[in-house]
Amino acid sequence: MPGLIVNPGEIWLAVEPIDMRRGIDGLSMVVQQSLEHEPCAGSAFVFCNRANNRIKVLLWDGTGVWLCQRRLHQGKFVWPKLNERCFALTQAQWEWLMAGVNWQRLSALPPAHLKA
């Protein structure tokens, strides 16, 4: 997954959990109506389920839309517990999140095996 999001405009986490049955159209509506962003502006939008063990990434790459899912077999994704609807991540924070590490506590560079 880290290779998929090479240079998105921004990476946004949707703080509220979503129903993982939603597809491209349903998640695009969440981006527009709840998060108040444009789904085709080049940003990546990351959604998590209530159990924090699955995420979906919605990304417009200029010619089409990517919808990818990742599931952890052990552990949980670290997710912000904020009053905001949307939270921006840096590329390094994204790589730590995908590695299953608490990205909120780290300021170091991502693990070497995750670099493209």
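Heads up: the structure comes first, above all this text.
No experiment lies behind these values; they were computed from the predicted model shown.

What follows covers the overall build of the protein. Across its full length, the protein carries 2 helices and 5 strands. Moving toward the C terminus, one meets the helices and strands of the protein in the order β-α-β-β-β-β-α. Across the 116 residues in the protein, those meeting the buried criterion constitute 41%. Sequence-distant contacts, at least 24 apart, represent 56% of the contacts inside the protein between residues at least 6 apart.

All buried positions along helix H1 (residues 24–34) are accounted for by Gly-26, Leu-27, Ser-28, Val-30 and Val-31. The positive-phi residue at the C-terminal boundary of H1 is Glu-36, with phi of around 60 degrees.

This next bit is on the sheet that holds strand E3 (residues 54–60). Read from one edge of the open sheet, 5 strands run E4-E3-E2-E1-E5, paired in mixed fashion. Where the open sheet ends on each side, the last strands, each with one partner, are strand E4 (65–71) and strand E5 (86–89). Here the strands of the sheet are splayed against their neighbours by 25 degrees on average, with no regard to which way each runs. Its contacts with the sheet place H1 against strand E2 (44–48), E3 and E4, and it is angled at close to 80 degrees to E3. Sheet strands in contact with helix H2 (residues 91–98) are strand E1 (11–14), E2, E3, E4 and E5, and its direction is about 100 degrees off that of E5.

Here is what the cut-offs are and how they apply
Residues numbered from 1 in each chain as written. Predicted model: local features only at pLDDT ≥ 70, side-chain atom pairs only at ≥ 80, totals over all residues. Heavy atoms only, no water. Helix = DSSP H or I, 4+ residues; strand = E, 2+ residues; numbered from the N terminus. Buried < 20%, exposed > 50% of the residue type's maximum accessible area, 1.4 Å probe, protein only. Contact = heavy atoms within 4.5 Å. Pairing = 2+ DSSP bridges. Axes fitted to C-alpha atoms, helices over the stretch in contact; angles between N-to-C directions.

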